[in-house]
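Take a look at the letters that make up each chain.
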Amino acid sequence: MEHKIIVVGIGPGSADYMIPAALKTITEAKVLVGGSRAIEQYGQEKGQKQCVIRADISSVMDFIARELQYHDVVVMVSGDPGYYSLLDAVKRSFEDSQIEVIPGLSAMQVAFCKLGLPWHNAELMSMHGRTVAKEKLRYKPGRTIGFLTDGKNNSKTIPALLLSLGWPADTMLGICSRLSYEDELIIKTTLGEAEDLKKTFLSCVLVVKAK
Ligand SMILES: C[S@@+](CC[C@H](N)C(=O)[O-])C[C@H]1O[C@@H](n2cnc3c(N)ncnc32)[C@H](O)[C@@H]1O
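Everything numeric in this text was worked out from a predicted model, so none of it was measured. Think of each chain on its own: its residues are numbered from 1, step by step along the sequence as written. Note on the predicted model: pLDDT of at least 70 is required for a residue's local features to be given, and 80 or more for side-chain atom pairs to be given and counted; whole-chain, interface and lining totals, by contrast, use all residues.

Student: What am I meant to see in the overall build of the chain here?
Tutor: A count of helices and strands for the chain gives seven helices and ten strands. Per-residue burial for the chain yields a buried fraction of 33% across its 211 residues. Once C-beta atoms have been placed from the backbone, residue pairs whose C-beta atoms lie within 7 Å are recorded as contacts. Nonlocal contacts in the chain, meaning residues at least 24 apart in sequence, comprise 67% of its contacts between residues at least 6 apart. The helix count covers DSSP runs of H or I at least four residues long, the strand count covers runs of E at least two residues long, and both are numbered beginning at the N terminus. For every residue, the other C-beta atoms within 10 Å of its own C-beta are counted; 20 or more classify it as buried, 12 or fewer as exposed, and values in between as partly exposed. C-beta atoms are placed from the backbone.

Student: Got a minute to help me understand the domain arrangement of the chain in this structure?
Tutor: One frequent convention defines the size of an interface as the accessible area lost when the parts assemble. If you check the domain split of the chain, you get domain 1 (5–105) and domain 2 (108–209). Using C-alpha coordinates to define each centre, domain 1 is positioned 28 Å away from domain 2. Taken residue by residue, the interface counts nine residues in domain 1 and nine residues in domain 2. When its residues are assigned to classes, the side of domain 1 that touches domain 2 shows five nonpolar, three polar and one charged. Domain start and end points were adopted from an automatic or database domain assignment. Note on residue categories: nonpolar means Ala, Val, Leu, Ile, Met, Phe, Trp, Tyr, Cys or Pro, charged means Asp, Glu, Lys or Arg, and polar means any other residue, Gly included.

Student: Hey, could you run me through the sheet that holds strand 7 (residues 144–148) in this one?
Tutor: As a general point, the strands of a sheet are linked pairwise by backbone hydrogen bonds and lie either parallel or antiparallel. Sheet architecture is open: five strands sit in the order 6-7-10-8-9, paired in mixed fashion. Both outer strands of the open sheet, strand 6 (123–126) and strand 9 (185–190), are each paired with one neighbouring strand and no more. Neighbouring strand axes in the sheet, compared pairwise and without regard to direction, differ in orientation by 15 degrees on average. When DSSP finds two or more bridges between two strands, those strands count as paired. Both strand 6 and strand 7 contribute to a ladder of four bridges, which runs parallel. By the bridge assignment for strand 7, Met125 is matched with Phe147. Interaxial angle, 0 to 180 degrees, is taken between N-to-C directions of lines fitted to C-alpha atoms, where a helix line uses only the stretch in contact. Packed on one face of the sheet, helix 5 (residues 107–114) meets strand 6, strand 7, strand 8 (172–177), strand 9 and strand 10 (204–209) and runs near 55 degrees to strand 10.

Student: Please clarify how the site of the ligand should be interpreted in this entry.
Tutor: Whether a residue is near a molecule or strand depends on its C-beta atom, placed from the backbone, lying within 6 Å of it. Near the ligand there are 23 residues, and of these Pro12, Gly79, Ser106, Ala107 and Leu179 occur at the shortest range. The residue makeup of the shell around the ligand, split by class, is ten nonpolar, ten polar and three charged. When we break the shell around the ligand down by domain, the ones giving at least three residues each are domain 1 (5–105) and domain 2 (108–209).

Student: Would you mind showing me how to read unusual backbone geometry here?
Tutor: Peptide bonds are mostly trans, and most non-glycine residues show a negative phi. In the Ramachandran plot, Arg178 falls in the positive-phi region, its phi being about 50 degrees despite a non-glycine side chain. When you line up the elements, Arg178 lands in the loop between strand 8 and strand 9. Here Ser180, not a glycine, exhibits a phi torsion of approximately 80 degrees, which is positive. Along the chain, the position of Ser180 falls in the loop between strand 8 and strand 9.

Student: Looking at this structure, how should I read the environment of Leu197?
Tutor: You can see Leu197 is positioned in the loop between helix 7 (191–194) and strand 10. Exposure remark for Leu197: the 15 C-beta atoms within 10 Å place this residue in the partly exposed category. Distance in space between the C-alpha atoms of Leu197 and Ser155 is 9.1 Å, their sequence separation being 42 residues.

Student: Any chance you could explain the sheet that holds strand 4 (residues 73–77) here in plain terms?
Tutor: Reading across from one edge, 3-2-4-1-5 is the order of the five strands in this open sheet, with parallel pairing throughout. The open sheet has two edge strands, strand 3 (49–52) and strand 5 (99–102), and neither has a second partner. On average, each strand axis in the sheet is tilted by 20 degrees relative to the strand beside it, whichever way the strands run. Bridge analysis of strand 1 (residues 5–9) against strand 5 gives four bridges, and the strand direction is parallel. What sits directly across from Ile6, in strand 5, is Glu100. In this fold helix 3 (residues 57–67) packs onto strand 1, strand 2 (31–34), strand 3 and strand 4, with an angle of close to 165 degrees to the strand it touches most, strand 2.

Student: What should I look at first to understand the environment of Asp170 in this one?
Tutor: Along the chain, Asp170 falls in the loop between helix 6 (157–164) and strand 8. For Asp170, a count of 12 C-beta atoms within 10 Å gives the class exposed. With 22 residues separating them along the chain, Asp170 and Gly192 place their C-alpha atoms 6.2 Å apart.

Following this line, the structure appears as structure tokens:
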């Protein structure tokens, strides 16, 4: 019997935001791969083989290949697997026929919901470990953009960049920090006021909506 790699989206963090099929698959896993926080949260203590994802992705792929000879391997990724996750690397290393994917709620999707904004016309961009060309960030009336962020591209630097590219200071800015956790914080402000906020938010999704 050929074993499967099941890539499971765990949503933005809290189990309340994970779909039941994902939780069931993770709970029944004999071999579980994931970030340290996810392993801590969802790993079973007895008899389960685990692999914590660190910087060395090739060693994770080696672990999966080894375990796949004997068991299905469940790989947990944050948010939705189809949106900036380890699924890309898994697909580069294994055949499509070996891979199953279970969806999760993306932090991006949750952010738009928390702000009460439809996202069917929004442009979605990632500045998590990457940059976006300035030409793609020009101001246009009515434009809505959602950004994944990181420590370098954060709740202060991205608004400052947009202001420098001609976005009006009164453009709505939603800062959605630590989504689904107990200390979740949703701030509705403007690009112009972002600089004066006391804190710089790092693990967050930013949404800008031009008038
Ligand atoms: C590598 S991306 C992963 C995206 C993920 N696959 C998804 O669909 O949400 C990581 C980025 O997602 C966002 N993110 C993930 N979890 C979050 C949360 N609980 N609250 C706010 N933003 C979150 C942050 O912008 C973070 O830097």
